[in-house]
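Below, each chain spelled out in residue letters.
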Amino acid sequence: MQDSPIGIFDSGVGGTSIWKEIQKLLPNEDTLYLADSKNAPYGEKPKEEIVRLSRKNTEFLLRKKCKLIVVACNTATTNAITHLRENYDLPFIGIEPAIKPAALNSKSKTVGVLATKGTLASSLFHSTSENHAYGIQVMEQEGTGLVELIERGELQTAKTRDLLKKFLDPMLDKGIDYLVLGCSHYPYLIPLMEELLPPHVRIIDSGEAVARQTNAILLERNLLNAKSGPVRHQFLSNTDNTVLKNLLFNVDAEMEFSCLTF
Ligand code: DGL
């Protein structure tokens, strides 16, 4: 099992922001990334559908003999990870909006969370928010439309900028000093966000924390890859994968890309 790949799935290309952190921290691990772009966005779908798609992705990665699965999607984590953990016998690592560090460090006691409708509506998000943001005003904002733009590779267009501004301005008016990114697609908009936010507003995403947790669980279960030699990174998409490739163009690693139906 130790030399099996780490499986990673997302509703599309966004989870590559998590993959990059995992590859940086665990350069000796093989990975298999599943981009379910055909079904993006997950964030507008009902919980039952998100669970069904998460099961489909999990079963695919299990057939490929993955030793651990990273659910590199906040929407799938908050809606489906409990179900996955109860129904499949391998470790799952999820990603959730990092409200805790934002709430702990906020001076204005007001933090913004930009996430999908599905994440903000989930009970897991609500319990995290209630547990970690006591005495803090949490401004929740649905990022409707952003995932679709990122899936099209529109990271710097006027359309993306305008939509983002529409979401950020009301949070700024309320005095946020932390912006928590609650969707693994959104780190690709950080350059644009930095243009739109005043410098005192800190942006927090959870990618590094997910990589650290992946490392901790592999270590705890004695699943770290002990073999030396070439490392294999496979990226499977069920639509055209041009955008996925573009997002990974500056990564210094051997990568294999394929398009297939799943
Ligand atoms: N990357 C997914 C997330 O973290 C995007 C969800 C979607 O497809 O709407 O939530």
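Up top is the structure.
Residues numbered from 1 in each chain as written. Predicted model: local features only at pLDDT ≥ 70, side-chain atom pairs only at ≥ 80, totals over all residues. Heavy atoms only, no water.

Participant: It is not clear to me how the site of the ligand should be interpreted in this structure. Could you clarify?
Facilitator: Neighbouring the ligand are 13 residues; Ser-11, Tyr-42, Gly-43, Thr-75 and His-185 lie closest to it. Computed on the free molecule, the ligand has an accessible area of 290 Å², of which 99% lies beneath the protein chains in the complex. Here the shell around the ligand is composed, by residue class, of five nonpolar, seven polar and one charged. (Near = heavy atom within 4 Å. Areas by Shrake-Rupley, 256 points an atom, 1.4 Å probe, with all protein chains shown as cover. Nonpolar A, V, L, I, M, F, W, Y, C, P; charged D, E, K, R; others polar.)

Participant: Explain the pattern of salt bridges here, please?
Facilitator: A pair can form between side chains of opposite charge whenever their charged atoms are brought close. Tallied over the full model, the rule gives 11 salt bridges. The partner of Arg-52 in a salt bridge is Glu-49, with the nearest N and O atoms 3.0 Å apart. Placement of the pair is Arg-52 and Glu-49 together in helix H2 (residues 47-63), with a separation of three residues, close to one helical turn. Looking at Arg-52, the relative accessible area reads 45%, which means it is partly exposed. Since its relative accessible area comes to 25%, Glu-49 is described here as partly exposed. (Salt bridge = Lys/Arg side-chain N within 4 Å of Asp/Glu carboxyl O. Helix = DSSP H or I, 4+ residues; strand = E, 2+ residues; numbered from the N terminus. Buried < 20%, exposed > 50% of the residue type's maximum accessible area, 1.4 Å probe, protein only.)

Participant: What's the story with the packing of H2 against helix H3 (residues 74-87) in this structure? I'm lost.
Facilitator: Look at H2 against H3: their axes get within 9 Å of each other, and the N-to-C directions meet at 60 degrees. Accordingly, the angle class assigned to the pair H2 and H3 is oblique. The two elements H2 and H3 cross, and the hand of that crossing is right-handed. Taken together, the residues of H3 that come into contact with H2 (itself represented by Lys-47, Ile-50, Val-51, Ser-54, Arg-55 and Thr-58) are Thr-75, Ala-76, Asn-79, Ala-80, His-83, Leu-84 and Asn-87. Taken together, the residues of the contact of H2 with H3 break down into five nonpolar, six polar and two charged. (Axes fitted to C-alpha atoms, helices over the stretch in contact; angles between N-to-C directions. Parallel < 35°, antiparallel > 145°, perpendicular 65-115°, else oblique. Left-handed = near helix turned anticlockwise from the far one by under 90°. Contact = heavy atoms within 4.5 Å.)

Participant: I tried to follow the pairing of strand S10 (residues 256-259) on my own but got confused; where do I start?
Facilitator: In regular strands, side chains alternate between the two faces of the sheet. Relative to S10, strand S9 (residues 233-237) runs parallel, the two being bridged by four bridges. The residue of S10 that forms the bridge with Gln-234 is Glu-256. In this fold, the crossover linking S9 to S10 by way of helix H11 (residues 242-247) has right-handed handedness. (Pairing = 2+ DSSP bridges. Right-handed = clockwise from strand over helix to strand, strands pointing away.)

Participant: In this structure, what is going on with the sheet that holds strand S5 (residues 110-115)? I would like to understand it.
Facilitator: To summarise the sheet geometry, strands pair through backbone hydrogen bonds and adopt either a parallel or an antiparallel arrangement. An order of S6-S5-S7-S8 is seen for the four strands of this open sheet, with the pairing classed as parallel. Every interior strand has two partners, whereas the edge strands, strand S6 (137-142) and strand S8 (202-204), have only one. In this sheet, adjacent strand axes meet at a mean angle of 20 degrees when their direction is disregarded. Relative to strand S7 (residues 178-182), S5 runs parallel, the two being bridged by five bridges. Among the inter-strand pairings, Gly-112 is bridged to a residue of S7, identified as Leu-179. Most of the contacts of helix H8 (residues 158-173) go to S5, to which it runs at about 160 degrees, and overall it touches S5, S6 and S7.

Participant: Is there a simple way to explain H2 in this structure?
Facilitator: Taking 1.5 Å per residue as the helical rise, H2 with its 17 residues ought to reach 24 Å, and the 24 Å between its terminal C-alpha atoms agrees with that figure. The set of residues buried in H2 consists of Ile-50, Val-51, Leu-53, Ser-54, Asn-57, Thr-58, Phe-60 and Leu-61. Against the buried residues of H2 lie strand S1 (6-10), strand S2 (31-35), strand S3 (68-71), H3, strand S4 (92-93) and S9. Lys-65 occupies a position one or two residues after H2 and carries a positive phi of about 65 degrees. (Expected span 1.5 Å × (residues − 1).)

Participant: Honestly, the side chain of Asn-57 in this entry has me stumped. Any pointers?
Facilitator: Within the fold, Asn-57 resides in helix H2. With residues near it in sequence (within four places) discarded, Asn-57 still touches Phe-9, Leu-34, Asp-36, Tyr-42 and Phe-262.

Participant: Quick question: what am I supposed to make of the sheet that holds S1 here?
Facilitator: Here six strands make up an open sheet; going across it, the order is S4-S3-S1-S2-S9-S10 and the pairing parallel. Both edges of this open sheet fall to S4 and S10, since each of them pairs with a single strand only.

Participant: Looking at this structure, how should I read the pairing of S9?
Facilitator: Within S9, five of the five residues are buried, which leaves the element mostly enclosed by the surrounding structure. Here S9 shows a buried face lined by His-233, Phe-235 and Ser-237 and a second buried face lined by Gln-234 and Leu-236. Pairing of S2 with S9, which is carried by five bridges, proceeds in the parallel orientation. From the neighbouring strand, Tyr-33 faces S9, where its bridge partner is Phe-235.

Participant: What is the right way to read the state of the cysteines from this model?
Facilitator: Such a bond, covalent and formed between the sulfur atoms of two cysteines, is termed a disulfide. Going through the model one piece at a time under the given rule, you end up with zero disulfides. The thiol of Cys-183 is not disulfide-bonded; the next cysteine sulfur, from Cys-73, is found 6.7 Å away. Free cysteine Cys-259: the closest other cysteine sulfur is in Cys-66, separated by 18 Å. (Disulfide = S-S within 2.5 Å.)

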